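# Summary of structural features
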Amino acid sequence: MKALVYRGPGKRSLEDRPLPSIVNQTDVIVRVTRTTICGTDLHILRGDVPTCEPGRILGHEGVGIVHETGSAVSSFKPGDHVLISCISSCGKCQYCRRGMYSHCMTGGWILGNRIDGTQAEYVRIPHADTSLYPITPDADEDALVMLSDILPTGFECGVLNGKVAPGSTVVIVGAGPIGLAALLTAQFYSPARLMMIDRDTNRLGIARRFGATDCIDIGTVDPEAAVMELTEGVGADCVIEAVGVPATFELCEALVAPGGTIANIGVHGVKADIHLEKLWDRNITVTTRLVDTVSTPMLLNTVRSGKIDPKQLITHRFKLAEISAAYDIFGRAADTHALKVLIEA
Ligand code: ZN
Ligand code: ZN
């Protein structure tokens, strides 16, 4: 089968690989019909994720059709259409029992990281009963690919951790796919102000269409002054970091109101400073987490009912054989205006 393989920092190649087979009887082999490239894959390619070793097939998002099941799998059978969660969970370990699937002791974020991922024709999904979601054959697969990772990540790591509440003020730093997913799902809670900060005017235009009340272009205005002006000098109740570099994290520290929360989503590859000399008396909370995908069933309902339409995030489409071009387009998002690139089998 064709698969996109990580070959060390800066290197990737589309290769022929053998079909995956059942390793544990709780595994399912899925024929991938749709996948996508995540900003996290670019972090891996920059060498930011040391757990991902050269030789690994990348990708942790996708939908597909069950091809083969291990003898211990009870919820799925060949031919079933499934949504693949970016998080694999055994459902039994101490972390799974606490709903913290991201830290499952034999799972968590392993797909396209510690084990081969979804940017291939077939993928092995461990703990399949508790890591796949059934979808109907007529489901909108393009929309559902956005539920493997970015929608639950934006919602759980940004909106839930950030305690977005009715009437609150929210700033999202970074209008990439994850920031836009946080923007879409923050609106479940009717915040009074939803400010979006980026340096890409195209992305800010999309944020405006997706419901941002204020778009702040960091290339032309001072974001701290702009947020202070919009919040009568106090800052925002919830500041969501959706980039993953020191400058944007430190910007969040300047934007948070007393009593507020900085909810980090970004994947950080180098250290970022916490300015306690400015923050020690401001009653703020800083949260970090990986997505647990506990909200995936709820998000499936909101997509099915048309409350949110994550398909709007898809800007480009490619066949799996063209995935190298897809990486080029996605990696140059400022020039190409790429958000999510859909890869079809
Ligand atoms: Zn991802
Ligand atoms: Zn577990």
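Predicted model, so just to flag it, every value in this text is computed and none were measured. (Residues numbered from 1 in each chain as written. Chains lettered and ligands numbered in written order. Predicted model: local features only at pLDDT ≥ 70, side-chain atom pairs only at ≥ 80, totals over all residues.)

## Some remarks on the overall build of the protein
Our working rule: Numbering of helices and strands runs from the N terminus, with a helix taken as a DSSP run of H or I at least four residues long and a strand as a DSSP run of E at least two residues long. Three exposure classes are used, all based on how many other C-beta atoms lie within 10 Å of a residue's own C-beta (placed from the backbone): buried at 20 or more, exposed at 12 or fewer, and partly exposed between those limits. We call two residues in contact when the distance between their C-beta atoms, placed using the backbone, is within 7 Å.
Along the backbone of the protein there are 13 helices and 15 strands. C-alpha extents for the protein along the principal axes are approximately 60 × 40 × 40 Å. A buried classification covers 49% of the 345 residues belonging to the protein. Partitioning the intrachain contacts of the protein with sequence separation of at least 6 by distance along the chain shows that 69% fall at a separation of at least 24.

## Brief notes about helix 9 (residues 246-255)
Within the span of helix 9, buried status applies to Thr248, Phe249, Leu251, Cys252, Glu253 and Leu255. Buried-residue contacts for helix 9 involve strand 8 (169-173), helix 8 (223-230), strand 11 (236-241), strand 12 (256-264) and helix 10 (276-279).

## What to know about the domain arrangement of the protein
Applied cut-off: Residue ranges labeled as domains rest on an automatic or database domain assignment. Classes in brief: Ala, Val, Leu, Ile, Met, Phe, Trp, Tyr, Cys and Pro nonpolar; Asp, Glu, Lys and Arg charged; the others, Gly included, polar.
Under the domain assignment used here, the protein contains domain 1 (2-149 + 292-344) and domain 2 (152-287). Contacts between domain 1 and domain 2 engage 19 residues on the former and 13 residues on the latter. Broken down by secondary-structure element, the contributors of at least two residues to the side of domain 1 that touches domain 2 are helix 1 (39-45) and helix 11 (296-304). Ranked by the residues each element gives to the side of domain 1 that touches domain 2, the list is headed by helix 1, at three residues. Here the residues of the side of domain 1 that touches domain 2 sort into seven nonpolar, seven polar and five charged.

## Some details on the pairing of strand 1 (residues 2-6)
The cut-off we apply is this: Strands are labelled as partners when DSSP assigns at least two bridges between them.
In terms of burial, strand 1 is a largely internal element, four of the five residues being buried. Where strand 1 hands over to strand 2 (residues 12-16), the hairpin turn is made up of five residues, of which glycine 8 adopts a positive phi near 105 degrees.

## Notes on the sheet that holds strand 9 (residues 193-198)
Short version of the rule: The axes used here are C-alpha line fits, helices contributing only the stretch in contact, and every angle between their N-to-C directions lies in the interval 0 to 180 degrees.
Here we have six strands laid out as an open sheet, ordered 10-9-8-11-12-13, and parallel in their pairing. Bordering the open sheet on either side are strand 10 (214-217) and strand 13 (285-287), each of which pairs with just one other strand. Here the strands of the sheet are splayed against their neighbours by 15 degrees on average, with no regard to which way each runs. By the bridge criterion, three bridges tie strand 12 to strand 13 in an arrangement that is parallel.

## A few points about the nonpolar core
Defined as follows: By convention the nonpolar core is taken to be a set of buried residues drawn from Ala, Val, Leu, Ile, Met, Phe, Trp, Tyr and Cys and joined through C-beta atoms within 7 Å.
Formed by 101 residues in total, the largest nonpolar core has its most connected members in Val171, Leu183 and Ile240. Broken down by element, this core gets its largest block of residues, seven residues, from helix 6 (residues 177-186).

## A few points about the pairing of strand 2
Bridging between strand 1 and strand 2 involves five bridges; their strand directions are antiparallel. Along strand 2, the bridge assignment pairs alanine 3 with glutamate 15.

## Description of the packing of helix 5 (residues 150-160) against helix 6
Convention followed: By definition in this entry, angles of less than 35 degrees are roughly parallel, angles greater than 145 are roughly antiparallel, angles of 65 to 115 are roughly perpendicular, and the rest are oblique. In this scheme, a crossing is called left-handed if the near helix is turned counterclockwise away from the far one by less than a right angle; it is called right-handed if the turn is clockwise.
Contact pair helix 5 / helix 6: the axes reach a minimum separation of 8 Å and the direction vectors enclose 70 degrees. Here helix 5 lies roughly perpendicular to helix 6, going by the angle between them. Taken as a pair, helix 5 and helix 6 cross one another with a handedness that is right-handed. Residues Ile150, Leu151, Thr153, Gly154, Phe155, Gly158 and Val159 of helix 5 form the contact with helix 6, whose participating residues are Pro177, Ile178, Ala181, Ala182, Thr185 and Ala186. Looking at the contact of helix 5 with helix 6 residue by residue, the classes come out as nine nonpolar, four polar and no charged.

## Description of unusual backbone geometry
Although it is not a glycine, lysine 163 adopts a positive phi angle of roughly 55 degrees. Within the secondary structure, lysine 163 sits in the loop between helix 5 and strand 8. For threonine 293, which is not glycine, the phi torsion reads 60 degrees and is therefore positive. On the secondary structure map, threonine 293 appears in the loop between strand 13 and helix 11.

## A look at the environment of glutamine 312
By secondary structure assignment, the location of glutamine 312 is in the loop between helix 11 and strand 14 (314-319). The class for glutamine 312 is partly exposed, based on 16 C-beta atoms found within 10 Å. For the pair glutamine 312 and glutamine 119, spaced 193 residues apart in sequence, the C-alpha separation works out to 21 Å.

## Side note on the environment of valine 256
One can find valine 256 in strand 12. With 25 C-beta atoms counted inside 10 Å, the residue valine 256 sits in the buried group. It is 13 Å that separates the C-alpha atoms of valine 256 and glutamate 232, two residues lying 24 residues apart in sequence.

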